[in-house]
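Chain by chain, the residues:
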Amino acid sequence: MAADDPKADIRHTMQQGERRLARWEAREALRERLEPLSPEDAVRRLLFAVGEDPTREGLHATPGRVVRALLELTQGYHLKPAEVLATTFATDDIEDPEATPAQYNGIILLKDIPFNSTCEHHLLPFLGEAHVAYIPGENGRVVGLSKLARLVDIFALRLQMQERLTAQIAQAIKEHLGAAGVLVVISAAHACMRLRGVRKPNTQMVTSEVRGLFQDNAAARAEAMSLLKGA
Ligand SMILES: [Zn+2]
């Protein structure tokens, strides 16, 4: 859209609003239609669909368990990345007036963070490891390592695509921690690929996202990658 045409600008905004409204209306209509069916009954429908008998003893409590498991696997929707990254630490010794200021400006890498997520296309799990590297922003403040692992969970415990998961983690560290650079690499095995469809049992999907310094500076990126591969 042309920057010198305010009308086109407004029209574009209106079109976006109309699309959002149409989507909202479609969603609410569907919600209303499905309202009489409880989530547990929806699972019972699925059990019938695969030729099972939802009333037999072994399946009696299954619908409730499926619903609870799914809620547990998607609890990340209710957790806020900004809160997890809110507590930061200074790296220089600000308490000691005699000390020479020595702020950490290097790479911080947390490797092999295990996670499990749920593929939004098949509702099947994908599991793997996330590696998160960042360079502190100008204030030199860093975050506790456990918080990085928690951040991975916040985004992993949703219906996901690995690509988006990778991007969301990188974006949150850039945004909420004010990191100068962020690199996120994720390697995962997808049940939807291993168990169904093309059935390739040993495939591993690798995704990487960079923000800030790692995007602009090839040397910094290479250093982070070698840390990742090395010790
Ligand atoms: Zn899938």
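So, how was this worked out
- Residues numbered from 1 in each chain as written.
- Predicted model: local features only at pLDDT ≥ 70, side-chain atom pairs only at ≥ 80, totals over all residues.
- Pairing = 2+ DSSP bridges.
- Helix = DSSP H or I, 4+ residues; strand = E, 2+ residues; numbered from the N terminus.
- Contact = placed C-beta atoms within 7 Å.
- Axes fitted to C-alpha atoms, helices over the stretch in contact; angles between N-to-C directions.
- Buried ≥ 20, exposed ≤ 12 C-beta atoms within 10 Å, placed from the backbone.
- Parallel < 35°, antiparallel > 145°, perpendicular 65-115°, else oblique.
- Left-handed = near helix turned anticlockwise from the far one by under 90°.
- Nonpolar A, V, L, I, M, F, W, Y, C, P; charged D, E, K, R; others polar.
- Expected span 1.5 Å × (residues − 1).
- Core = buried A, V, L, I, M, F, W, Y, C linked by C-beta atoms within 7 Å.

**Student:** With reference to specific residues and values, describe the sheet that holds strand β2 (residues 108–119).
**Tutor:** Strands in a sheet are paired, the pairing made by backbone hydrogen bonds, and the direction either parallel or antiparallel. Spatially, five strands are ordered β5-β2-β3-β6-β7 in an open sheet, and the strand pairing comes out mixed. The open sheet is flanked by β5 (159–160) and β7 (205–212), the only strands paired with a single partner. For strand β6 (residues 181–190) and β7, the ladder comprises eight bridges, and the chain directions are antiparallel. Pairing of Ile 186 across the sheet is with Thr 207, part of β7. Those strands touched by helix α6 (residues 162–177) are β2, β3 (125–135), β5, β6 and β7, and its axis lies near 25° from that of β7.

**Student:** How would you summarise unusual backbone geometry if you had to cite specific residues and measurements?
**Tutor:** With phi around 55°, Asp 112 is a residue other than glycine that occupies positive phi space. When you line up the elements, Asp 112 lands in strand β2. The class of Asp 112 is exposed, set by 10 C-beta atoms lying within 10 Å. Positioned with a positive phi, Leu 123 is a non-glycine residue whose angle comes to about 55°. Relative to the helices and strands, Leu 123 is located in the loop between β2 and β3. What makes Leu 123 exposed here is the crowd of 12 C-beta atoms within 10 Å.

**Student:** Please set out the packing of helix α2 (residues 39–49) against helix α3 (residues 62–73) residue by residue, giving values where relevant.
**Tutor:** The description of two helices packed together rests on the angle between their axes and the distance between the axes. For the pair α2 and α3, the least separation of the axes is 8 Å and the interaxial angle reads 115°. Considering the angle they form, α2 stands roughly perpendicular to α3. As for how α2 packs across α3, the hand of that crossing is right-handed. The segment α2 lies against α3, with Pro 39, Glu 40, Val 43 and Arg 44 engaging Pro 63, Gly 64, Val 66 and Val 67. Residue composition of the contact of α2 with α3, grouped by class: five nonpolar, one polar and two charged.

**Student:** Can you lay out the pairing of β2 for me, pointing to particular residues and giving the numbers?
**Tutor:** In this structure, β2 lies alongside β3, joined through nine bridges in antiparallel fashion. If you follow Phe 115 over to β3, its bridge partner there is Gly 128. A loop of five residues connects β2 with β3, the two strands running antiparallel in sequence, and Leu 123 in this loop sits at a positive phi of about 55°. Where β2 and β5 come together, two bridges link them in parallel fashion. Looking at β5, one finds that Cys 119 is bridged to Gln 160.

**Student:** Before we move on, can you summarise α3 with the specific residues and values?
**Tutor:** Helical periodicity: at 3.6 residues per turn, an α-helix aligns residues three or four positions apart in one direction. The terminal C-alpha atoms of α3 lie 16 Å apart, and with 12 residues this matches the ideal 16 Å at 1.5 Å per residue to within 8%. Of all the 12 residues making up α3, one are buried; the element is thus mostly uncovered.

**Student:** So what's going on with the nonpolar core? Which residues, and what values?
**Tutor:** Most often, soluble globular proteins have nonpolar side chains that are buried together. Of all hydrophobic cores here, the largest spans 35 residues; its most connected members are Ile 169, Val 182 and Val 184. Broken down by secondary-structure element, the contributors of at least two residues to this core are β3, α5 (145–156), α6, β6, α8 (213–216) and α9 (218–229). In contact with Val 182, not counting residues within four places along its chain, are Tyr 134, Ala 170, Ile 173, Lys 174, Val 210, Arg 211, Gly 212 and Phe 214.

**Student:** Explain the packing of α5 against α6 residue by residue, including any values.
**Tutor:** Between α5 and α6, the shortest axis-to-axis distance is 10 Å and the interhelical angle comes to 135°. The pairing of α5 with α6 is recorded here as oblique in orientation. The crossing of α5 and α6 is right-handed. Here α5 contributes Leu 151, Val 152, Phe 155 and Ala 156 to the contact with α6, which in turn contributes Leu 165, Gln 168, Ile 169 and Ala 172. The class makeup of the residues in the contact of α5 with α6 is seven nonpolar, one polar and no charged.

**Student:** Please set out the pairing of β3 residue by residue, giving values where relevant.
**Tutor:** For β3, the tally of buried residues reaches eight of 11 residues, placing the bulk of the element in the interior. Pairing analysis gives 10 bridges linking β3 to β6, with the strands arranged antiparallel. Considered in β6, the bridge of Ala 133 is made with Leu 183.

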